[in-house]
2 protein chains.
Amino acid sequence: MHRFQKVPTSTADPRSVNFVVCGRILENLILPCLAKLHKFLNQRFIEILLFRLLADTNMVNAGEMNGSGNLMDFLDEPFPDVGTYEDFHTIDWLREKSRDTDRHRKITSKSKESIWEFIKSLLDAWSGWVVMLLIGLLAGTLAGVIDLAVDWMTDLKEGVCLSAFWYSHEQCCWTSNETTFDDRDKCPQWQKWSELLVNQSEGASAYILNYFLYIMWALCFAFLAVSLVRVFAPYACGSGIPEIKTILSGFIIRGYLGKWTLLIKTVTLVLVVSSGLSLGKEGPLVHVACCCGNFFSSLFSKYSKNEGKRREVLSAAAAAGVSVAFGAPIGGVLFSLEEVSYYFPLKTLWRSFFAALVAAFTLRSINPFGNSRLVLFYVEYHTPWYMAELFPFILLGVFGGLWGTLFIRCNIAWCRRRKTTRLGKYPVLEVIAITAITAIIAYPNPYTRRSTSELISELFNDCGALESSQLCDYINDPNMTRPVDDIPDRPAGPGVYTAMWQLALALVFKIVITIFTFGMKIPSGLFIPSMAVGAMAGRMVGIGVEQLAYHHHDWIIFRNWCRPGADCVTPGLYAMVGAAACLGGVTRMTVSLVVIMFELTGGLEYIVPLMAAAVTSKWVADAFGKEGIYEAHIHLNGYPFLDVKDEFTHRTLATDVMRPRRGEAPLSVLTQDSMTVEDVETLIKETDYNGFPVVVSKDSERLIGFAQRRELILAIKNARQRQDGVVSNSIVYFTEDPPELPPNSPHPLKLRRILNLSPFTVTDHTPMETVVDIFRKLGLRQCLVTRSGRLLGIITKKDVLRHMAQMANQDPESIMFN
Amino acid sequence: MHRFQKVPTSTADPRSVNFVVCGRILENLILPCLAKLHKFLNQRFIEILLFRLLADTNMVNAGEMNGSGNLMDFLDEPFPDVGTYEDFHTIDWLREKSRDTDRHRKITSKSKESIWEFIKSLLDAWSGWVVMLLIGLLAGTLAGVIDLAVDWMTDLKEGVCLSAFWYSHEQCCWTSNETTFDDRDKCPQWQKWSELLVNQSEGASAYILNYFLYIMWALCFAFLAVSLVRVFAPYACGSGIPEIKTILSGFIIRGYLGKWTLLIKTVTLVLVVSSGLSLGKEGPLVHVACCCGNFFSSLFSKYSKNEGKRREVLSAAAAAGVSVAFGAPIGGVLFSLEEVSYYFPLKTLWRSFFAALVAAFTLRSINPFGNSRLVLFYVEYHTPWYMAELFPFILLGVFGGLWGTLFIRCNIAWCRRRKTTRLGKYPVLEVIAITAITAIIAYPNPYTRRSTSELISELFNDCGALESSQLCDYINDPNMTRPVDDIPDRPAGPGVYTAMWQLALALVFKIVITIFTFGMKIPSGLFIPSMAVGAMAGRMVGIGVEQLAYHHHDWIIFRNWCRPGADCVTPGLYAMVGAAACLGGVTRMTVSLVVIMFELTGGLEYIVPLMAAAVTSKWVADAFGKEGIYEAHIHLNGYPFLDVKDEFTHRTLATDVMRPRRGEAPLSVLTQDSMTVEDVETLIKETDYNGFPVVVSKDSERLIGFAQRRELILAIKNARQRQDGVVSNSIVYFTEDPPELPPNSPHPLKLRRILNLSPFTVTDHTPMETVVDIFRKLGLRQCLVTRSGRLLGIITKKDVLRHMAQMANQDPESIMFN
């Protein structure tokens, strides 16, 4: 079994420079110990206790207990494991659907037999909704716990609450009675490390001590996170969305959505976000929600035994994940529909919506931010926007598109470097180095020191009259008598100018560091850093436009809508538009992005600016390359993902793509009644195809069906063990009746049961665009090519993907799995 | 050409009773005159001027000019009309898609030739967005005009504005300076008819005069509407959604989305809504928006020449229609996705969203209700809901489900009666009778007299302190000092009790009259009456719960959340939940319904009650029958609609469904190189199949392709006229090279060009569920059935639908078109 991207840990080069030594110690001494601990825990404790327990109550299917894909003994049931798939293989959607219909039919016909069966059938029908409820509850709870933990640990880097160490800075000062309204952030219970350790809160030495401890805490969190990921759950790294897209399109990656991944990803997510690295929790939350979905679907045989149905649950779980990540249930459903899902029937739409709602309400009742909102950066604006502002909004869209292109190109180049050079061998060291650089550069700048969500929240916010932030340091008119909500445009004060410089530096830093951070072996989301980049750029543009409008009321573009004393420009809105543009440039979302932003602001009013920026950003970014960051990572990893969005417009025919090509050896086929068991076994041994077409005879080559390799192996093994008279010389036949055999010949073996009598065929003249469409819409694994009834060849999903890569002038060998 | 549901007008039965005579006069004298006028206008004026104009500038495709489907002369181009479809036929999605790819490929390769071609290719790429913009603008404008006109004409039934007769009651009193705040509805400029005519505003005679004029105006509007529909655009009747669903699934109904339908539906919609009939404008607005979509797509050859691409535009137009009908752009997109669309790629999602937004903003800038909102019944609530309230909400859901079932059953029974009995022959009379009954019963009750939107608006509204409505006649605590927004629960006053009685009567009346109204030969939507039924029931339940909570604070269920003096129950919210439940019961929407309601209230807060009611209502209604009202009407009309939501779960195989059945004559096939032109012509004449499979020879029956009937006819006609040497004895061949013929035989005719070399095939063992899936997902017209390369039969979409009907114990003959 190959686990992708797993790097051998003991082959370090003896000529390594000094600093690598510490990495080697880490990799070779500490991690193996942890790994052993994990193995012990995993195999003995968890498997024996929990798994067996569940297996006794018949809740986990037998195949799952085998763990790493070994074949079971086939003594108990005639065909166990038939209908399951191997790791890193593609599922056959049509077959899964047909199996589910069979199951459903059986239950329906049984339900008429007795009351008990009727109740069971009702439970079966309701199990989908139950799974959704459970997913919503767990995903909402985990999101709440993560939010609370991140809040506490982020503050832990700066100080500690004396009254109760588990309080975050804000909670600590809430509970304190000595806090005044003016200075909500200061209270005696909350002590910075320098105050606690050397009793100094100001001055150079206190600053240096705090700085040092900030870096230490960050390193400590990051090291813990990367070690946990390396040892316990290598799949917990990254944002997970590329892999989830691939899995939802019908690929099997065992363990990717497992319980260990769920646990480790949740814990390490808290650690890395708290460590101050330039990453977000939103993408990984989708992965966490999908792990929840996978866990709960394994409790119901309807979902655990059918890979197609399981993917419906996962689609809904992804919606629940986005729902809690952004507090946007509708946006979550649309995100699942637009971005991650492959097969999204209407039933899944309803269920996704239900799961997303339950998750959002669970999170709301946990209320992690204490503001009855689901996210830190919820805002409400009070002033409308004006037509003339569309110009800066579209400019922000262009910026977002350029940022998206730059980020994708640089990040992919860096990740490719990581995969192909020695760099990839020291993931722990890489994480520590990046964390150190991030912490060292981030601390001095107030806009990078705080958590990125808080930064975004401050940038989105409109300046009220009581706002004490540096960004709101405007020069007030002493005669102002207007209500607090409706403040006219004012000239910027020195704080705003300082903030502009700091924001500009923070922007450059964020852009650079995010490129190196995304793709490291830790959980890392991209939404928050992208939004932060956009929000910073947007706020700067917003302040610029505001000052321009204030100082030049008489310019023709301002004259109509921006009279002196009016509140015409909202810099916070520019920040939000910029955030949407940058996120759109990187991910190429449009509708779901706008809906998420709409749910964040709660006003139909701002849809047009957001839409303008999102669409501009998509157009600009698409002009430089069609792939979003997730598709780019899928492509980098060589997953067999057939994108619904790509249009195939070339003039090739099925005959150009099918195997065997001209000059290649003829297609390996089975005949319906003339091959012996030994012939079949030799064929299986000599080739590694996933299945073989069955034809009438080698001469006529008329197709009668298709047999899966896996099922052939199982059936022959089973027959040899249990059926008397089946020997190597036995004739294998796929027809209804046994062929006429000479007397004394051994007992023939009938394999019609495993024959797929309705294999999918196209003619050799079928345009490839139709073939691609069929593969996409029906979710096929392979398709046979015929001409006037004669079998010519076979096209697999891999062949299709390779052909598409070739046509797009890419390396067809980059498609690795089938 | 058959137009469905068209009833001959001159066959009235001589034994008709007296009141039918007046109907006959209408039908036989007045309408024919109008019809002639229409014909004149249509044929001479419009066709000559407008159409020819467009045709000259090459903007309308040639096929459209033929109007009623006659074949053109084929002298100019070798194969005109190839690739178009006949009326009441199903399109082939795969072929349309492949044609579009060809076109796209051509443009892309041309675009490299010159700057001009490059600009043309850019324009082509942008034309989709331009069409969306135009649709949004026109749909928004039409919706605004309709709203304004309805407002004015509804008030015209009661009185007139003396200062300007084109002002509605509200506008009239706005512009008046003499209006006091307390009595906003009364101003001297606005005069009731009795005041104007006999100078009396009170008293029995004034009441009777107003009553009489109210009925007369209603009759007048209704008669005008039904006459316009009968004469100018028979397709303008009904809600249009069943037909649009069918069209979007790939059916051709020429003229259904034509310019005349657009014009007449817009005008008559205003008339019927103003006439006070129990119908709404929301469904027809979707039809109007789709007509706009069809109109604009006919301006761009990319869409006008490709039925598949055209349907993408129509899906987006439907979203724009709902967007303006409910002021809910996101809900509109989801409605199009969940309810009406068939093929909804992501690109369409983005474009739908854009069209919906543009439409909403156009409507908002027209601001027809003067409240900056897109709909009359926008509300904002101030109090949260409590867990215990879920019980009445679910009860409302059950009510909604029952109402949905009752309505669908009764309405379908009545419509079937209309189709099959003499009733259907007097549509004008029917409309007039129903209008008269509606007006007579509706006038005395204040809740039915006003327009249904206003009723819904009042029922949704929370009672503020200043509300003067009868429904808000609570007994106030004289010591109350609370702010106006937050009024504690109060005991009901006499007005509320009167309102309850009137609401109960109005509810019964609405339920009965809506059953008879929906399906008449006038534009009639179902959303508003359904919502009104639910809102009335909901408000009554809400008031009941409120009074219960007020008088029984100490009950255990109220004790926790409803202390004395608290504002715990919002009857308006119950009305909204009831409206959602009833609409859900009738249409079976869930997600889009909840999102529409969410956009109406603008609060995430109330999603759970709405969702609970919508899902309950769907479950209850589904328990009595799976079909929503639109599917029921599609079924009643026998359209070939393959519903995505129906699951096919039977165990039949392709061999059970294909033609020919056992014992039937063998399949009519063409051979690849042995039939003469005459043989082919005879085959075409003797059968009415849409196409013929082409096989190697009658003996081997190995399939090589499929030829469309329409294209065969065109090709042979064309060849006979233009190709020398092609006579009846010429051999028709479909192979690459001509067959070897004896000397002196006539010139053979090569028809490989029209042969589809990649017909879709399945084996005879393919389960029907897979076949159904393939038909649905790929949008096929027909599929050939083979066994080991030998052609056995054919399955058309009609066969699939008939088989599904048979399996569901319905009459398979109800599927009428192919």
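The name given to chain A in an unreviewed UniProt entry is Chloride channel protein, with the source organism recorded as Anas platyrhynchos platyrhynchos. Turning to chain A, the UniProt record has this under Sequence similarities (unreviewed entry): "Belongs to the chloride channel (TC 2.A.49) family."

Undergrad: Any details on the overall build of chain A? Residues and values, ideally.
TA: Helix and strand counts for chain A come out as 30 helices and 12 strands. When the 818 residues of chain A are sorted by exposure, 49% land in the buried category.

Undergrad: An account of the relation of the copies chain A and chain B is requested, with residue identities and associated values reported.
TA: Structural alignment of chain A on chain B gives an RMSD of 0.1 Å, achieved by rotating through 180° and translating 0.0 Å along the axis. Considering both components of the superposition, the chain copies are consistent with a two-fold axis. Considering only C-alpha atoms, the part of chain A nearest the rotation axis is Gly789 of chain A, at 1.7 Å. When the interface residues of chain A are mapped onto chain B, 100% of them again lie at the interface, so the same face is used by both copies.

Undergrad: Tell me about the sheet that holds strand β4 (residues 675-676) of chain B, and name the residues and values.
TA: The mixed open sheet is built from three strands, whose spatial order is β4-β7-β8 (chain B). Sheet topology places β4 and β8 (749-750) of chain B at the edges, where each strand pairs with a single neighbour.

Undergrad: Talk me through unusual backbone geometry; I want residue IDs and the actual numbers.
TA: Residues and elements named next belong to chain A. For the peptide bond that leads from Arg659 to Pro660, omega is -5°, which places it in the cis range. Along the chain, the position of Pro660 falls in the loop between α26 (654-657) and β3 (670-671). Located in the positive-phi region is Arg588, a residue other than glycine, with phi close to 65°. Tracing the backbone through its elements, the reader meets Arg588 in the loop between α22 (571-587) and α23 (591-601).

Undergrad: I'd love a proper account of helix α25 (residues 629-637) of chain A, names of residues and values included.
TA: Residues and elements named next belong to chain A. The buried fraction of α25 is high, at seven of nine residues. Looking only at α25, the buried set comprises Ile629, Tyr630, Glu631, Ala632, His633, Ile634 and His635. Tucked inside the fold, the buried residues of α25 contact α8 (241-248), α15 (390-420) and α22. Where α25 terminates, the next one or two residues include Gly638, which has phi positive at roughly 70°.

Undergrad: Which residues make up the domain arrangement of chain A, and what are the values?
TA: The domain architecture assigned to chain A consists of domain 1 (132-366), domain 2 (391-473 + 492-637) and domain 3 (654-814). A separation of 46 Å is found between the C-alpha centroids of domain 1 of chain A and domain 3 of chain A.

Undergrad: I'd like a rundown of the pairing of strand β6 (residues 703-708) of chain A, residues and numbers included.
TA: The two faces of the sheet receive side chains in turn, since in a regular strand these alternate between them. Residues and elements named next belong to chain A. Within β6, six of the six residues are buried, which leaves the element mostly enclosed by the surrounding structure. Judged from the two bridges that link them, β6 and strand β9 (residues 755-756) form a sheet pairing that is antiparallel. Looking across to β9, one finds that Phe706 is bridged to Asn756.

Undergrad: Can you lay out the nonpolar core for me, pointing to particular residues and giving the numbers?
TA: One finds Ile135 and Ala317 of chain A together with Ile135, Ala317 and Ala580 of chain B to be the most contacted residues of the largest nonpolar core, which totals 442 residues. Aside from chain neighbours lying at most four places away, what touches Ala317 of chain B is Ile135, Ala139, Ala289, Cys290, Cys292, Gly293 and Ala355 of chain B.

Undergrad: Go over the interface of chain A and chain B, please, and point to the residues and values.
TA: At the interface, 46 residues of chain A touch 46 residues of chain B. For the side of chain A that touches chain B, the per-class residue count stands at 22 nonpolar, 14 polar and 10 charged.

Undergrad: Requested: an account of the sheet that holds strand β11 (residues 782-787) of chain A, with residues and values cited.
TA: Residue and element names in this part refer to chain A. Across the sheet, three strands lie side by side as β10-β11-β12; this open sheet has mixed pairing. Because the sheet does not close on itself, it has two edges, and the strands there are β10 (761-763) and β12 (790-796). Taken pair by pair, the neighbouring strands of this sheet meet at an average axis angle of 35°, ignoring direction. As judged from the six bridges shared by β11 and β12, these two strands associate in the antiparallel manner.

Undergrad: Please give an account of the packing of helix α3 (residues 93-111) of chain A against helix α4 (residues 115-156) of chain A that cites residues and values.
TA: A pair of packed helices is captured by two measures, namely the crossing angle of their axes and the spacing between those axes. All names here are of chain A. Running from N to C, α3 and α4 cross one another at 145°; their axes reach a closest spacing of 8 Å. In terms of crossing hand, the pair formed by α3 and α4 is left-handed. Contact with α3, carried on its side by Ile107, Thr108, Lys110 and Ser111, involves Glu117, Phe118, Ser121 and Asp124 of α4 and no other residues of that element. In terms of residue class, the contact of α3 with α4 is built from two nonpolar, three polar and three charged.

Undergrad: Help me get a handle on the pairing of strand β6 (residues 703-708) of chain B, residues and values and all.
TA: Pairing of strand β5 (residues 691-695) of chain B with β6 of chain B involves five bridges; the strand directions are antiparallel. Bridge pairing in β6 of chain B links Val695 of chain B to Leu703 of chain B.

Undergrad: Which residues make up the UniProt feature "domain: CBS" (unreviewed entry) in chain A, and what values go with them?
TA: Residue and element names in this part refer to chain A. In this structure's numbering, the residues bearing the UniProt feature "domain: CBS" (unreviewed entry) are residues 658-722 and 755-813. Between the end C-alpha atoms of residues 658-722 there is a gap of 38 Å, over a span that is 37% helix and 23% strand. Taken end to end, residues 755-813 has its terminal C-alpha atoms 31 Å apart, with 37% of it in helix and 31% in strand.

Undergrad: If you had to explain the environment of Leu741 of chain B to someone new, which residues and values would you point to?
TA: Residue and element names in this part refer to chain B. If you trace the backbone, Leu741 turns up in the loop between β7 (731-733) and β8. For Leu741, a count of 14 C-beta atoms within 10 Å puts it in the partly exposed group. For the pair Leu741 and Ile731, spaced 10 residues apart in sequence, the C-alpha to C-alpha distance is 8.8 Å.

Undergrad: Please set out the confidence of the model for chain A residue by residue, giving values where relevant.
TA: Residue and element names in this part refer to chain A. Residues of chain A with pLDDT of at least 70 account for 85%, and the chain-wide mean is 82. When the criterion is pLDDT under 50, residues 1-20 qualifies, and its contacts beyond four places in sequence or with other chains add up to 15 contacts. Considering only residues more than four positions removed or in separate chains, one finds that residues 43-80, a stretch of pLDDT under 50, has 35 contacts.

Undergrad: Please provide a residue-by-residue account of the packing of helix α8 (residues 241-248) of chain B against helix α25 (residues 629-637) of chain B, values included.
TA: All names here are of chain B. Packing of α8 against α25 leaves a shortest axis separation of 8 Å and a crossing angle of 75°. Between α8 and α25, the crossing angle belongs to the class labelled roughly perpendicular. Counted together, Ile241, Pro242, Lys245 and Thr246 of α8 and Tyr630, His633, Ile634 and Asn637 of α25 form the full contact between these two elements. Partitioned by chemical class, the residues of the contact of α8 with α25 number four nonpolar, three polar and one charged.

Undergrad: Which residues make up the environment of Glu113 of chain A, and what values do they have?
TA: Within the secondary structure, Glu113 of chain A is located in the loop between α3 and α4. Looking at Glu113 of chain A, the number of C-beta atoms within 10 Å reads 9, which means it is exposed.

Undergrad: Can you break down the environment of Pro529 of chain A residue by residue, with the values?
TA: Residue and element names in this part refer to chain A. Relative to the helices and strands, Pro529 is located in helix α20 (residues 527-551). Considering only alpha carbons, one finds Pro529 and Leu780, 251 residues apart in sequence, at a separation of 37 Å. What Pro529 contacts, discounting residues up to four positions off in sequence, is Ser278, Leu279, Gly280, Thr452, Lys510 and Thr514.

Conventions and cut-offs
Residues numbered from 1 in each chain as written. Chains lettered and ligands numbered in written order. Predicted model: local features only at pLDDT ≥ 70, side-chain atom pairs only at ≥ 80, totals over all residues. UniProt positions renumbered as here; feature names shortened; annotations may be inferred. Helix = DSSP H or I, 4+ residues; strand = E, 2+ residues; numbered from the N terminus. Buried ≥ 20, exposed ≤ 12 C-beta atoms within 10 Å, placed from the backbone. Least-squares fit on C-alpha atoms with pLDDT ≥ 70 in both. Contact = placed C-beta atoms within 7 Å. Pairing = 2+ DSSP bridges. Domains from an automatic or database assignment. Core = buried A, V, L, I, M, F, W, Y, C linked by C-beta atoms within 7 Å. Nonpolar A, V, L, I, M, F, W, Y, C, P; charged D, E, K, R; others polar. Axes fitted to C-alpha atoms, helices over the stretch in contact; angles between N-to-C directions. Left-handed = near helix turned anticlockwise from the far one by under 90°. pLDDT = per-residue confidence, 0-100. Parallel < 35°, antiparallel > 145°, perpendicular 65-115°, else oblique.

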